[in-house]
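What the coordinates show
Next come the chains, spelled out residue by residue.
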Amino acid sequence: KGWRAVIDLNLTGTFLMTLAVHQECFQRRGRGVVVSVLANMFNGFPTMSHTGAARAGVENLTKSLAVEWASAGVRVNAVAPGTI
């Protein structure tokens, strides 16, 4: 897959889905939980830089939303298991 396809699906898709759930569910309830599951990317993804970039973006998105939405009662976390 090409750069745009992977970024659109993995990063933009994660952002849009998380935002939609926040707007439709969490704002009404005043609380919620988001958990992202990431592959262990901390040593890079040789020959798959597009995947590594998208996953790094999701990691940063998770950290940013955790800070932004904490005061609204929304917990945002990520799990990044190693090799299984």
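It should be noted that the structure appears before, not after, this text.
The structure presented is a predicted model; accordingly, all values stated were derived computationally and were not measured.

Here is what the cut-offs are and how they apply
Residues numbered from 1 in each chain as written. Predicted model: local features only at pLDDT ≥ 70, side-chain atom pairs only at ≥ 80, totals over all residues. Heavy atoms only, no water. Helix = DSSP H or I, 4+ residues; strand = E, 2+ residues; numbered from the N terminus. Expected span 1.5 Å × (residues − 1). Bend = angle between axes of the 7 residues up to and from the residue. Buried < 20%, exposed > 50% of the residue type's maximum accessible area, 1.4 Å probe, protein only. Contact = heavy atoms within 4.5 Å. Pairing = 2+ DSSP bridges. Right-handed = clockwise from strand over helix to strand, strands pointing away. Core = buried A, V, L, I, M, F, W, Y, C linked by side-chain atoms within 4.5 Å. 1 Å grid on protein atoms, 1.4 Å probe; cavity = no way out; pocket = protein on both sides within 12 Å on 5 of 7 lines; lining within 4 Å. Points joined across faces, edges and corners; volume = space filled by probe spheres on them.

The end-to-end C-alpha distance of helix H1 (residues 3–29), which contains 27 residues, comes to 37 Å, matching closely the 39 Å that a straight helix rising 1.5 Å per residue would cover. Along its length, H1 shows its largest kink, about 40 degrees, at histidine 22. Of all the residues in H1, the buried ones are Val6, Ile7, Thr18, His22 and Phe26. Close packing links the buried residues of H1 with strand S1 (32–37), helix H2 (49–69) and strand S2 (74–79).

Let us look at H2. If you check H2, its first and last C-alpha atoms are 30 Å apart, about what 21 residues at 1.5 Å a residue would give, namely 30 Å. Along H2, the residues classified as buried are His50, Thr51, Gly52, Ala54, Gly57, Val58, Leu61, Thr62, Leu65 and Trp69. Looking at the buried side of H2, the elements it contacts are H1, S1 and S2.

Once that is clear, we can look at the pairing of S1. Alternating positions in S1 separate cleanly, Gly32, Val34 and Ser36 being buried on one face and Val33, Val35 and Val37 remaining unburied on the opposite face. Sheet topology note: the S1/S2 ladder contains 6 bridges and is parallel. Looking at the pairing, valine 35 lines up with asparagine 77 of S2. Between the parallel elements S1 and S2, the chain passes through H2 in a crossover that is right-handed.

Following the sequence through the fold, glycine 44 ends up in the loop between S1 and H2. Separated by 12 residues in sequence, glycine 44 and alanine 56 place their C-alpha atoms 9.7 Å apart.

Relative to the assigned elements, histidine 22 resides in helix H1. The contact partners of histidine 22, leaving out residues within four places of it in the chain, are Gln27, Trp69 and Val74.

Turning to the nonpolar core, a few remarks are in order. Counting 7 residues, the largest nonpolar core consists of Phe26, Val34, Leu61, Leu65, Trp69, Val74 and Val76. For this core, the element with the most residues is H2, which contributes 3 residues.

Take empty space enclosed by the protein next. Considering all chains together, one arrives at 1 cavity of 30 Å³ or more under this definition. Its volume calculated, the largest cavity comes out at about 30 Å³. Lining the largest cavity are Thr14, Thr18, Val34, Ser36, Val58, Leu61, Thr62, Leu65 and Val76. Mapped onto the lining of the largest cavity, the elements with two or more residues apiece are H1, S1 and H2.

The analysis is restricted to geometry; functional conclusions fall outside its scope.
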